[in-house]
Amino acid sequence: AQSVTQLDSQVPVFEEAPVELRCNYSSSVSVYLFWYVQYPNQGLQLLLKYLSGSTLVKGINGFEAEFNKSQTSFHLRKPSVHISDTAEYFCAVSALMDSSYKLIFGSGTRLLVRP
Amino acid sequence: DAGVIQSPRHEVTEMGQEVTLRCKPISGHDYLFWYRQTMMRGLELLIYFNNNVPIDDSGMPEDRFSAKMPNASFSTLKIQPSEPRDSAVYFCASSPESLAKNIQYFGAGTRLSVL
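Cut-off values and rules
- Residues numbered from 1 in each chain as written.
- Chains lettered and ligands numbered in written order.
- Predicted model: local features only at pLDDT ≥ 70, side-chain atom pairs only at ≥ 80, totals over all residues.
- Heavy atoms only, no water.
- Helix = DSSP H or I, 4+ residues; strand = E, 2+ residues; numbered from the N terminus.
- Disulfide = S-S within 2.5 Å.
- Buried < 20%, exposed > 50% of the residue type's maximum accessible area, 1.4 Å probe, protein only.

Caption draft 1: Fine view of unusual backbone geometry. In this structure, P8(B) follows S7(B) across a cis peptide bond, with omega equal to -10°. Relative to the helices and strands, P8(B) resides in the loop between β1 (5-7) and β2 (10-13). In this structure, P81(B) follows Q80(B) across a cis peptide bond, with omega equal to -5°. Within the secondary structure, P81(B) is located in the loop between β8 (74-79) and β9 (88-95). The phi torsion at N61(A) lies on the positive side, around 60°, for a residue other than glycine. Looking at where N61(A) falls in the secondary structure, it is placed in the loop between β7 (56-58) and β8 (64-68).

Structure (structure tokens):
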């Protein structure tokens, strides 16, 4: 079965520091990979996606992620975070399951940016 | 575009009552999804529609849950009778893409509290 693992439930970091949010997936077939962000009391917003092509993907708000097929990882990075980046971040994989594609979400990582 | 619109934003009801959640997808999107988010189970796909037709309802927890999409611009998720364990945030999302690419746009969610 397909699964997405976000090992860190919470990542505290100081403002202007770099951050990496980890994501690993299990899949034996080609997948599409996504990062979504959820601000308090809001729905999820697409941050970036990997569908094909370059393994380094750039998204909104200065975030980027690198697809590593051999390590089945899709870690999210930002070189310098802002207070406004405090939110919950979800990694997701679109994979074929039971003859239809489904979006499987990780458990989320709460990024807490401190001044 | 106004995005995916959900109503109500908050719903408080008593155990045993019927609850109806509403969703208006983004115009032109062929796919509509209902999710449930809880602390314990994270984000779970309940059901999705393609061109108003339910395709996969394997995530619906039990017969108390039902969903309909009478036309391309409206969907409902109904719980009858409601139970305290149904308390969660329910999200609706829509997608214009082929299901494999699954770029979904989420509504702000309905926070349901069953007392």
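Here the narrative resumes.
Caption draft 2: Molecular detail of the state of the cysteines. Inspection of every chain in the model, using the stated rule, returns two disulfides over all chains. Each disulfide pairs two cysteine sulfurs, and for C23(A) the partner residue is C91(A), the sulfurs being separated by 1.9 Å. What sets the handedness of the C23(A) and C91(A) disulfide is the S-S torsion sign, and at about -65° it is left-handed. Here C23(A), found in the loop between β3 (19-21) and β4 (24-26), pairs with C91(A), found in strand β10 (residues 87-97); they are 68 residues apart in sequence, far enough to count as distant. No difference in accessibility class separates C23(A) from C91(A), as the two residues are buried. Put simply, C23(B) and C92(B) are joined by a disulfide, and their sulfur atoms are 1.9 Å apart. Negative torsions about the S-S bond denote left-handed disulfides, and the value of about -65° found for C23(B) with C92(B) makes this one left-handed. In this pair, C23(B) is assigned in strand β3 (residues 19-24) and C92(B) in strand β9, connecting sequence segments 69 residues apart. Neither residue differs from the other here; C23(B) and C92(B) are each classed as buried.

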